[in-house]
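Remarks on the overall topology
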Amino acid sequence: DRYEPTKADQFIWLGEMLQYNEPVNAIRLTQDVDLTGFTGFGNGEYAVPFKGEFDGRGHRLSNLKIETSEKNTGLFGRVEDANIHDLGIEGAEVKSDRPNVGIVAGNAKNSTINRVAVIGGGNTAMDSCRTARRMGAEEVYIVYRRSEAEMPARVEEVRHAKEEGVKFLTLNNP
């Protein structure tokens, strides 16, 4: 089955299905989605992994906010044999004092995350891009509406992101 969620409560419903081991094999975005109120597809030590395709189709998810003391924390707490691509992330904040924390996935096994665009120029945006690169994403972009000199991220964070192969699209309003 392919799911095409268009609002946060549909993501919440999909998350519940996933945690009850109901098959969620394909998620496809048909528009940008504001995730205000959504706290991830199952986080924590016993999070059920997403094992399918998430096709962002060039759309973006915005306002993902997760703050927990659980490990395996992110949009997906765990992904396994998954393919996540063509997805933009804007205004995400994921915080945990435990290991395996990321914006897209806290813990990824045998999965591909590719063609990721992070909208913003702060330290969290740099961390998100660098994490995506380390997880094997070939194409990772920072999209920022102002110049690089105006980015709020620390200079070292920007330099490290560039060294890791993140592409910068500045003076772009997504």
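In this report, the structure presented in the accompanying data block is examined. (Residues numbered from 1 in each chain as written. Predicted model: local features only at pLDDT ≥ 70, side-chain atom pairs only at ≥ 80, totals over all residues. Heavy atoms only, no water.)

**Things to note about the overall build of the protein chain**
Per the secondary structure count, the protein chain includes three helices and 13 strands. Here the C-alpha radius of gyration of the protein chain, 15 Å, is about what a compact globule of 174 residues would show, namely 16 Å. Expressed along its principal axes, the backbone C-alpha trace of the protein chain runs to roughly 45 × 35 × 30 Å. For the protein chain, the share of sequence-separated contacts (at least 6 apart) that also reach a separation of at least 24 residues comes to 78%. When the accessible area of the protein chain is evaluated, it comes to approximately 8,700 Å², of which 42% is carbon and sulfur surface. Distance between charge centroids for the protein chain: 3 Å, based on 22 positive and 27 negative side chains. (Helix = DSSP H or I, 4+ residues; strand = E, 2+ residues; numbered from the N terminus. Rg over C-alpha atoms; globule rule 2.2 N^0.38 Å. Contact = heavy atoms within 4.5 Å. Areas by Shrake-Rupley, 256 points an atom, 1.4 Å probe, with all protein chains shown as cover. Lys, Arg positive; Asp, Glu negative; His and termini not counted. Charge placed at Lys NZ, Arg CZ, Asp CG, Glu CD.)

**Examining the nonpolar core**
Within the largest apolar cluster, 47 residues are counted, with the highest numbers of intra-cluster contacts made by Phe54, Leu61 and Ile142. Only helix H1 (8-19), strand S7 (76-80), strand S8 (83-90), strand S11 (112-119), helix H2 (123-134), strand S12 (140-143) and helix H3 (155-163) provide two or more residues apiece to this core. Ranked by the residues each element gives to this core, the list is headed by H1, at five residues. Filtering out sequence-adjacent residues up to four positions away, phenylalanine 54 remains in contact with Phe11, Ile27, Leu29, Leu61, Phe76, Asn83, Ile84, His85 and Leu87. (Core = buried A, V, L, I, M, F, W, Y, C linked by side-chain atoms within 4.5 Å. Buried < 20%, exposed > 50% of the residue type's maximum accessible area, 1.4 Å probe, protein only.)

**Thoughts on the pairing of S11**
In the case of a regular strand, side chains alternate between the two sheet surfaces. Of all eight residues in S11, six are buried; the element is thus mostly enclosed. Of the strand pairs in this sheet, S8 and S11 are connected by seven bridges, and their pairing is parallel. Note on S11: the bridge partner recorded for glycine 88 is alanine 117. In the sheet, S11 pairs with S12 via four bridges, with the strands oriented parallel. Bridge pairing in S12 links alanine 117 to tyrosine 141. Between the parallel pair S11 and S12, the chain is carried across by H2, and the sense of this crossover is right-handed. (Pairing = 2+ DSSP bridges. Right-handed = clockwise from strand over helix to strand, strands pointing away.)

**Some points on the environment of alanine 26**
Tracing the backbone shows alanine 26 in strand S2 (residues 26-28). Residues alanine 26 and glutamate 4 lie 22 residues apart in sequence; the distance between their C-alpha atoms is 8.6 Å. Residues in contact with alanine 26, not counting those within four places in the same chain, are Asp1, Arg2, Tyr3 and Glu53.

**A short note on the side chain of arginine 130**
Residue position: arginine 130 is located in helix H2. By relative accessible area, which is 13% here, arginine 130 ends up buried. Dropping the residues within four chain positions of it, arginine 130 is found in contact with Glu157, His160, Ala161, Glu164 and Val166.

**Description of the pairing of S7**
The element S7 is extensively covered by neighbouring structure, given that four of its five residues are classed as buried. Bridge count between S7 and strand S10 (residues 105-109): four bridges; the pairing is parallel. Each bridged residue has a counterpart across the sheet, and for valine 79 the counterpart in S10 is alanine 108.

**Things to note about the side chain of serine 128**
Note that serine 128 resides in helix H2. Note on serine 128: relative accessible area 14%, which makes it buried.

**Observations regarding the pattern of salt bridges**
Taken as a whole and assessed by the stated rule, the structure comprises 16 salt bridges. Where glutamate 93 meets lysine 65, a salt bridge forms, and the shortest distance between an N and an O atom there is 3.7 Å. Residue glutamate 93 is located in strand S9 (residues 93-96), and its partner lysine 65 is located in strand S6 (residues 65-68); the two are separated by 28 residues in the primary sequence. Judged by its relative accessible area of 37%, glutamate 93 is partly exposed. For glutamate 156, the salt bridge goes to arginine 154, with nearest N and O atoms at 3.4 Å. A relative accessible area of 37% places glutamate 156 in the partly exposed class. (Salt bridge = Lys/Arg side-chain N within 4 Å of Asp/Glu carboxyl O.)

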